[in-house]
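What follows is each chain in one-letter form.
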Amino acid sequence: MLRIALALVCALGASGAFAAEPGANTVVLGTGGGQSVFESFGKALCARGKTVSGLGCEMRENETWLNGLQALADGRVNFTFLTTDRLLSVVEGDVELPNPAEWRAVLALPATQVTILARPDRNIAVADDMRGRKIRTAPPQILGAFLDWLAEDKWGADDLAGFGPMGFENSVNGVCAGEFDAVVFLDGHPGELTDLAIKRCPLRLVPLADETVAKLVLTHPEIVATTIPGGIYPGTDKPVASIGGYTVLLTTASTPDALVERWLGAILAGYAEVQAAHKSLAPWTADKLRPRAFPVPIHPGAERAFAAKGLGPK
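Residues numbered from 1 in each chain as written. Predicted model: local features only at pLDDT ≥ 70, side-chain atom pairs only at ≥ 80, totals over all residues. Heavy atoms only, no water.

(A) Up close: the state of the cysteines. For the structure on display, the rule yields two disulfides. Here Cys46 pairs with Cys57 through a disulfide, and the sulfurs are 2.0 Å apart. Looking along the S-S bond of the Cys46-Cys57 disulfide, the torsion reads about -55 degrees, which is the left-handed sense. Of this pair, Cys46 sits in helix H2 (residues 36-49) while Cys57 sits in strand E2 (residues 56-60); the two residues are eleven residues apart in sequence, bridging distant segments of the chain. Judged by its relative accessible area of 5%, Cys46 falls in the buried class. Each bonded cysteine of the protein gets a number by its place in the sequence, and the pairs then read 1-2, 3-4. (Disulfide = S-S within 2.5 Å. Helix = DSSP H or I, 4+ residues; strand = E, 2+ residues; numbered from the N terminus. Buried < 20%, exposed > 50% of the residue type's maximum accessible area, 1.4 Å probe, protein only.)

Encoded structure:
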């Protein structure tokens, strides 16, 4: 079934969705999956990249993340976005795609974050206060970082007795009705799901930041400490700490070192302008652009650009 789906994706990718081919002086960036945050990221990177004399940048929207990877493999784009969870699924062999060994990482940007919304009257000030409470969650298979935190924090059967997966809509309705104490899900911020829930009834964002998080970030390179920006949801004026994955900007080993170094160098030199393009980038400081480890090797041109700015391996 997967091979059939991939064949369909390849056919769609070959149907002319990408009008321009990458050239020596033009970067073509796939923005992936129709997700608005990727489009915003792409615009921010392209705008900054164009400040380099003689180097243009064009965006091409991928119909799906698989389509974006196929476009990268076919040479129809120089770069494409992919979240770490999906990238790991390919690297670890859960999803078969052509030549993943040729993929190279360029930089990291925010992705989805563990988001906890609790009723204000249930006295859940921090994530650890949810032990033994009635909590509804997103499906476990997409809550990897949160499940890793639970395991690292040594939660037992009694602690989790009131937990259970449920669709987002029903979870929010149940929390608002007082049937549950909190809901745990993933969202990118600013996020439509969080905005919808907080507008439905008074709910509080619960921080996920403790010694367990610090250990988890050190032992799991695919997990990063993040911050949900303040001032984007009603009743949340200050930033709220959490954890999540990140979005990898991918290229291939065949992309010239000089092109990657030149384009990324321009982005790093004006990163403050990139940050201003989207609220989720405000807390994403320059040192987070190169995590301790990517799921795939970093491109040599990117490594040189980071080193020039003092952002070498950690």
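On we go.
(B) Representation of the environment of Asp74. Along the polypeptide, Asp74 turns up in helix H3 (residues 65-74). At 3.0 Å, the side chain of Asp74 forms a polar contact with the side chain of Arg76. (Polar contact = N/O pair within 3.5 Å; in protein donor to acceptor, adjacent residues only side chain to side chain.)

(C) Representation of the side chain of Thr236 within the structure. In this fold, Thr236 is placed in the loop between strand E9 (224-228) and strand E10 (240-252). Looking at Thr236, the relative accessible area reads 8%, which means it is buried. Among all residues touching Thr236, those that are not within four sequence positions of it are Leu205, Gly230 and Gly231. (Contact = heavy atoms within 4.5 Å.)

(D) Seen up close, the side chain of Asn62. Residue position: Asn62 is located in the loop between E2 and H3. Looking at Asn62, the relative accessible area reads 0%, which means it is buried. Polar contacts involving the side chain of Asn62 include one to the side chain of Thr80, which spans 3.0 Å.

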